[in-house]
Amino acid sequence: MANGLTRFGNDLYTGERSVPFIPMRRIWLTIGAVLMLLAIAVPFIRGGGNPADGFNFGIEFRGGSQFTVSAASSTNPSVAEDAVHSVVAAVGVHVTTVGTDGVRVQTDQLTDPQTQDVAAALKKAYDTETVTSSFIGPTWGADITRQALIGLAVFLSLALILMAIYFRTWKMSLAAILSLIHDLVITIGVYAATGFEITPAAVIGFLTILGFSLYDTVVVFDKIRENTSEQGDESTRTFAETVNLAVNQTLVRSINTGVVAALPVAAILFIGSFVLGADTLRDISLALLVGTVIGTYSTPFIASPLYVMFRQGEAKVAARDKRTLTLRAKSAVSA
């Protein structure tokens, strides 16, 4: 098994085997575009035309009242729902388990008397005296959203400029940034489609996955630059074939990096969700896991084909490809 994988990796590096990332670039880019359109459409569909209603925002964004029950006799969510509705019948209730004997109850905004009555009802329902309450205003979530968007804009701008300087071409930089946007849009679309709660921790996860995706793209693009810079007039490969070889040469590394990154994140997600009941761990690890998977796929299937598409119309590239194909045809005839 190990020898087979090693041989497969060696064959990819030498070009004896090849995954057609670039030859089938129109198909991969079309699939990516369709996935992005679906990700954008999902919140509109779920929200009945209002995309904001298509997401399951946490209390930090929508505002409301929160109660934390400790040392509870049980962690049955229906107990909390019945207790809250016994005080305010029409209020929305979201219940999560915290650890082995704790419950977090989130509701729409309540008045002070209602808050006191709900706290008393929860104490009675769970047979405990340890119930704390707090109020979170929606303006705090709006501040987080604004700061996150500013951070995203600054990150993308700096990444665009620095990569253009490093690779000495804006086309590589633009392809990488478009791939990042693709990753972010699809990740957010997954949250909208599944109803996963979007919290500040999830937003941190969204921004973090951009760094992972960018790292993977830069490594692959560095190999592409190395291969294409060595491509002379007597090259036996076209520009697209040279890029495809570079992507295949780094494919095993990209897969290994993605797996190594995803496994501990998946472990944190499992522990946060099912062992500790820690919402913050669950939220950030879920965003990281989804983003890691999408980021690993996007470099060979989206970023690299975009770079070829941007450059294939250049006169120098077209002339070299024509010369290469002509020499290949003459060699075939003489053989």
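Residues numbered from 1 in each chain as written. Predicted model: local features only at pLDDT ≥ 70, side-chain atom pairs only at ≥ 80, totals over all residues. Heavy atoms only, no water.

## A look at the pattern of salt bridges
Counted only if it meets this: Salt bridge, as used here: a side-chain nitrogen of Lys or Arg that lies within 4 Å of a carboxyl oxygen of Asp or Glu. By the criteria applied, helices consist of DSSP H or I runs no shorter than four residues and strands consist of E runs no shorter than two, each listed in order from the N terminus. Relative accessibility under 20% of the residue-type maximum defines a buried residue, over 50% an exposed one, and the middle range a partly exposed one, all with a 1.4 Å probe and only protein chains included.
A complete count under the given rule lists 5 salt bridges for this structure. The closest approach of N and O atoms between Asp 222 and Arg 225, which form a salt bridge, is 3.0 Å. You can see Asp 222 and its partner Arg 225 sitting in helix α8 (residues 200-229), 3 residues apart, about one turn around the helix. A salt bridge links Arg 311 to Glu 314, with the nearest nitrogen and oxygen atoms 3.1 Å apart. Exposure remark for Glu 314: the relative accessible area of 22% places this residue in the partly exposed category. Through salt bridges with shared partners, a single ionic network connects Lys 171, Arg 311 and Glu 314.

## Focus on the side chain of Thr 187
Inclusion rule: Residue contacts follow a heavy-atom distance rule, with two residues in contact if any of their heavy atoms lie within 4.5 Å.
Following the sequence through the fold, Thr 187 ends up in helix α7 (residues 170-194). In this structure, Thr 187 is in contact with Phe 206, Ile 209, Ala 287, Val 290, Gly 291 and Ile 294, ignoring residues within four places of it in sequence.

## Quick notes on the packing of α7 against α8
To keep it simple, the criterion reads: Axis definition: a line fitted to C-alpha atoms, over the contacting stretch in the case of helices. Angles run 0 to 180 degrees between N-to-C directions. By convention the crossing between two helices is left-handed if the near helix lies anticlockwise of the far one by an angle smaller than a right angle, and right-handed if it lies clockwise. Each residue is assigned to one of three groups, with Ala, Val, Leu, Ile, Met, Phe, Trp, Tyr, Cys and Pro labelled nonpolar, Asp, Glu, Lys and Arg labelled charged, and all others, Gly among them, labelled polar.
The N-to-C vectors of α7 and α8 enclose an angle of 145°; their axes lie 9 Å apart at closest approach. Every pair of crossing elements has a handedness; the one defined by α7 and α8 is right-handed. Contacts from Met 172, Ala 175, Ala 176, Leu 180, Asp 183, Leu 184, Thr 187, Ile 188 and Tyr 191 of α7 reach α8 at Ala 202, Phe 206, Ile 209, Leu 210, Ser 213, Leu 214, Thr 217, Phe 221, Ile 224 and Arg 225. Class assignment for the residues of the contact of α7 with α8 results in 14 nonpolar, 3 polar and 2 charged.

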